[in-house]
Amino acid sequence: QMCIRDRIVAAAQEERFSRQKADWRFPKQAIQYCLSQLPEGVTPEAVAYFEDPGLKTRRILNTARSLAPRGARLWPQMLKTLRALSEDLPRQLLEVAGDPDRLFFVPHHRSHAAAAFYPAPFDRAAVLVLDGVGEFSTTTLWSGDTSGLRAESEIRFPHSLGLFYSAFTQYCGFKVNSGEYKLMGLASFGEPQYRKTILNNLIDLRPDGSFSLNMEYFDFDKALSTTSPLFEMLFKQPTRRPDAPITPFHMNLAASVQAVLEEAVLRLAKTALQVTGHHNLCLAGGVALNCLVNTRLQLELPALDRLWIQPAAGDAGGALGAALDVARHCADNKPSPRPTISTRDGMSASMLGPSYPDEDIRTALDALGLTYEHSDDPKLLVQETAEALGRGQIVGHFDDRMEFGPRALGNRSILADPRGTETLSRVNNSIKFREDWRPFAPIMLADHAAQYFEAPSDSPYMLLVTKLKPSYRGVDDLAQARARGLNTPMDLQRAVTSQFAAVTHVDFSARLQTIDPSDGARAGAILRAFHTLTGCPMLLNTSFNVRGEPIVCSPQNAIDCFLNTHLDLLVIGGYMVRKSAQPDRMLKKIGRMRFDAD
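Parameters and conventions
Within each chain, residues carry numbers counting from 1 in the order of the written sequence. A pLDDT threshold of at least 70 governs which residues receive local features in this predicted model, and a stricter bar of 80 or more applies before side-chain atom pairs are shown or counted, although totals over entire chains, interfaces and linings include all residues. The side-chain numbers reported here are obtained from all heavy atoms of the structure, hydrogens and water having been left aside. Secondary structure elements are taken from DSSP: a helix is a run of H or I of four residues or more, a strand is a run of E of two residues or more, and numbering for both begins at the N terminus. For a compact globule the rule gives 2.2 Å times the number of residues to the power 0.38, and the radius of gyration it is set against comes from C-alpha atoms. Remark: exposure states derive from per-residue accessible area (1.4 Å probe, protein chains only) relative to the maximum for the residue type, with buried under 20%, exposed over 50%, and partly exposed in between. Contacts were defined at the residue level, with two residues in contact if any of their heavy atoms lie within 4.5 Å. Counted charges follow a simple rule, with Lys and Arg positive, Asp and Glu negative, and His plus the chain ends left uncounted. Where a charge lies is defined by one atom per residue type: Lys uses NZ, Arg uses CZ, Asp uses CG and Glu uses CD. Classification of ring pairs rests on two measures: the distance between centres of Phe, Tyr or Trp rings, Trp counted by its six-membered ring, which must be within 6.5 Å, and the angle between planes, read as stacked under 30 degrees, edge-to-face over 60 and tilted in between. By definition, being over a ring means that NZ of Lys or CZ of Arg is both within 6 Å of the ring centre and within 35 degrees of the ring normal. Two strands are counted as paired when DSSP detects at least two bridges linking them. Lines are fitted to the C-alpha atoms to define the axes, a helix being fitted only along its stretch in contact, and any angle between axes, read from their N-to-C directions, falls within 0 to 180 degrees. Each angle is binned into one of four classes, with values under 35 degrees roughly parallel, values over 145 roughly antiparallel, values of 65 to 115 roughly perpendicular, and all other values oblique. For any pair of crossing helices, the crossing counts as left-handed if the nearer helix is rotated counterclockwise from the farther one by less than a right angle, and right-handed if it is rotated clockwise. Only buried residues count toward a nonpolar core, which is a set of Ala, Val, Leu, Ile, Met, Phe, Trp, Tyr and Cys residues joined through side-chain atoms within 4.5 Å. A side-chain nitrogen of Lys or Arg and a carboxyl oxygen of Asp or Glu constitute a salt bridge if their distance falls within 4 Å. Two N or O atoms form a polar contact when they lie within 3.5 Å of each other; inside protein one atom must be a possible hydrogen donor and the other a possible acceptor, and for residues adjacent in sequence the pair counts only when both atoms belong to side chains.

## Quick word on the overall build of the chain
Regarding its fold elements, the chain presents 21 helices and 20 strands. Relative to a compact globule of 598 residues, whose C-alpha radius of gyration would be 25 Å, the chain shows 24 Å and is just as compact. Along the first, second and third principal axes, the C-alpha set of the chain runs to 70 × 65 × 45 Å. Counting all 598 residues of the chain, 57% fall into the buried class. Partitioning the intrachain contacts of the chain with sequence separation of at least 6 by distance along the chain shows that 71% fall at a separation of at least 24. Distance from the positive charge centre (66 side chains) to the negative charge centre (67 side chains) of the chain: 4 Å.

This is the structure:
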């Protein structure tokens, strides 16, 4: 991540370049990209890292010592991690910094807090950071104002809401550190029948939001599993295999842990506002990507004026926060005054990644012998794309700078008409190659959102959940579908429909993204043209990738995804590539690739 004082110049994750999802290796390619965005002749004044390796080493050693001889199976991995922290990481960072005096280690939760507060559109706020674990901290509360950030309180490892939620993620058969959003989506299918069981046995949740876990049920501090055998005994079910059916038990358990998480964060947020005396709240850390939690905060905190969530809330955003924190202290070791931002945040709509000129795109297309059309008229390209969407085609859209963070917000997106009952299964089965019950998100014209959706209807980063208004819903609802004996996610999803079935969940909720075409993004112009053409002010928007791979970054990534899926049209830079116009040898590639589970 590259910052010039308080201005964010560039940000990107290593996985987008390496094509290895959640790539935790040293981010050489991402660093190279960020450095390439500096003005000519400018060199970095400082290099910041989003963690203190010394403190993290101490926590790992203290935990191992306190649990020994339990946890011995983790020792080989622990030794590898300690060697990386004490030898590899300092050496690699020094190669980038060039001078040890230019290298800064910013504590993990301070990095998250800085990423949440400094780009926010206000200059005073309570800041809440919630994740798995930093060095020692798992939950921290901060006060932010024009002088900077002040730590107020913390909860320490092993007591962690992030790890608590990850344990249920694993137990329900999803991947830890990537499947948590599936657990969140599954919660809508169930009822919180196990809420009291969780509160009575697994977590001591206090009125102020502070909490402690009953570690008899968790093994993430001493074993390869997040849960102990007692976890299965408590719920009287074995851990679900990833390929096993999802049953009503899993739906109800997901709903239960989601309810407990929402309750905990709501209490913590109330405390944060009370302790700091502020009326704005900023969030960061992986838990801040839980859209259901965020919506509860937006709707149920009477003392809250404005909520702002760092769109790259996970560790990628932590790197950004470290850079922002150090950038404020580079001038004679004194903090610079923080500019007051009246309405817009400092994230440049999260469009902080690489862009590619049409020359590079054409070279990639020609190398494969693809047939394409080029237009020098942006309005014509927008109109033709909208018309293709209106005919029911599914479009891979690649334009300008890549998004930073886990959400595709239009520049690296797959777009489709959200109406029609078959769109959901078509995109899931033939393009994304993922579970067929998972809904997609709507991208919506901001000035029409309140007409179709209940509050909150302002969501530029796809970090809130709202519900479709009753007049656009189908006649069936979840309770009626259950009463008819339907009990699998896909059966329920098919039964509970709306006028926009591909982008609403089984409870008529949607992870909404609002967009203003006046911002200049081409996706917004396509959406406006689609609305003019069809009367529908929204499109299906999902990330331009397939199951198990990162969002596409380069033209070659986009072309590969287009050729190996059933996308109808690729709109990339100034080019349109129609699947129907390609030679037969290219069409034979579709569906031949095998994708890792996500």
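## Describing the environment of Asp-219
By the element assignment, Asp-219 lies in the loop between β9 (211–213) and α9 (229–235). Measuring from C-alpha to C-alpha, the distance between Asp-219 and Pro-158 comes to 9.9 Å, with 61 residues separating the pair along the chain. Aside from chain neighbours lying at most four places away, what touches Asp-219 is Ser-225, Thr-226, Thr-227, Ser-228 and Pro-229.

## Topic: the packing of aromatic side chains
For any pair of aromatic rings, the description consists of the separation of the ring centres together with the inter-plane angle of the planes. Under the criterion given, the structure shown has 23 aromatic pairs. Seen from their ring centres, Tyr-372 and Tyr-575 are 5.3 Å apart, and the 85° between their planes marks the pair as edge-to-face. Of this pair, Tyr-372 sits in the loop between α13 (358–367) and β12 (373–374) while Tyr-575 sits in strand β20 (residues 575–578); the two residues are 203 residues apart in sequence, bridging distant segments of the chain. With a relative accessible area of 4%, Tyr-575 lands in the buried category. Pairwise contacts between aromatic rings join Phe-157, Phe-164, Phe-168, Tyr-171, Tyr-194, Phe-218, Phe-220, Phe-231, Phe-235 and Phe-249 into one cluster. In this arrangement the basic side chain of Arg-59 is found over the ring face of Phe-157, its NZ or CZ atom lying 4.9 Å from the centre. Above the ring of Phe-562, the side-chain terminus of Lys-579 is found at 4.4 Å from the ring centroid.

## With respect to helix α5 (residues 108–117)
Across the 10 residues of α5, nine count as buried, placing the element largely inside the fold. All of the buried residues in α5 are His-108, His-109, Ser-111, His-112, Ala-113, Ala-114, Ala-115, Ala-116 and Phe-117. Where α5 is buried, its residues touch β5 (125–130), β6 (137–145), β7 (148–156), β10 (280–284), β11 (306–309) and α12 (315–327).

## Re the sheet that holds strand β16 (residues 464–467)
Spatially, the nine strands line up as an open sheet ordered β12-β20-β19-β13-β14-β18-β15-β17-β16, and their pairing is mixed. What marks the edges here is a single partner per strand, and that holds for β12 and β16. By the bridge criterion, four bridges tie strand β15 (residues 441–445) to strand β18 (residues 538–543) in an arrangement that is antiparallel. Counterpart to Ala-441 in the pairing with β18 is Asn-541. The strands that helix α11 (residues 291–300) touches are β16 and β17 (509–515); relative to β16, the one it contacts most, it runs at about 75°. Packing of helix α14 (residues 378–390) onto the sheet brings it into contact with β12, β13 (395–398), β14 (412–416), β18, β19 (569–572) and β20, and relative to β20 it is tilted by some 25°.

## Regarding α11
Of all the residues in α11, the buried ones are Cys-291, Leu-292, Val-293, Asn-294, Thr-295 and Leu-297. For α11, the secondary structure elements touched by its buried residues are α7 (180–187), α10 (248–276), β10, β11, β16 and β17.

## Focus on the packing of α10 against α11
Where α10 contacts α11, the two axes come as close as 9 Å, and the packing angle between them is 45°. Considered as vectors, α10 and α11 are oriented oblique to each other. The chirality of how α10 crosses α11 is right-handed. Between α10, through Gln-258, Leu-261, Glu-262, Val-265, Leu-266, Ala-269 and Lys-270, and α11, the contact on the second element is made entirely by Leu-292, Val-293, Arg-296, Leu-297 and Glu-300.

## Let's talk about the sheet that holds β10
In a beta sheet, neighbouring strands pair by backbone hydrogen bonds and run either parallel or antiparallel. Pairing within the open sheet is mixed, and its five strands lie in the order β7-β6-β5-β10-β11. Because the sheet does not close on itself, it has two edges, and the strands there are β7 and β11. Put simply, the sheet's adjacent strands are angled 20° from each other on average, direction ignored. Together, β5, β6, β7 and β10 form the strand contacts of α10, whose direction differs from that of β5 by roughly 145°. The strands touched by α11 within the sheet are β10 and β11, with β11 carrying the most contacts at an inclination of about 165°.

## Some points on the nonpolar core
With 160 residues, the main nonpolar core has Phe-164, Phe-168, Leu-202, Phe-218, Phe-235 and Leu-281 as its most contacted residues. If one sorts the elements of this core by residue count, α10 sits on top with 14 residues. In contact with Leu-202, other than residues within four places in its own chain, are Phe-164, Phe-168, Thr-197, Ser-212, Leu-213, Asn-214, Tyr-217, Phe-218, Phe-231, Leu-234 and Phe-235.

## Some details on the pattern of salt bridges
In the structure shown here, the tally under the stated rule is 31 salt bridges. Between Glu-435 and Lys-182 there is a salt bridge, with its nearest N and O atoms 2.8 Å apart. Highlighted residues: Glu-435 in the loop between α15 (423–432) and β15 and Lys-182 in helix α7, separated in sequence by 253 residues. Given a relative accessible area of 18%, Glu-435 falls into the buried group. The shortest N-O distance in the salt bridge between Arg-362 and Asp-366 comes to 3.8 Å. Of the two residues, Arg-362 and Asp-366 are both situated in helix α13; the distance of four residues between them amounts to about one turn of the helix. What makes Asp-366 partly exposed here is its relative accessible area of 40%. Connected through salt bridges with shared partners, the residues Lys-182, Glu-435, Arg-438 and Arg-547 form a single ionic network.

## As for the side chain of Thr-276
With respect to the element layout, Thr-276 can be found in helix α10. Of the residues examined, Thr-276 reaches a relative accessible area of 13% and is grouped as buried. One polar contact links the side chain of Thr-276 to the main-chain amide nitrogen of His-278, over a distance of 3.2 Å. Those residues in contact with Thr-276, other than ones at most four positions away along the chain, are Ala-126, Leu-141, Trp-142, Ser-143 and Glu-152.

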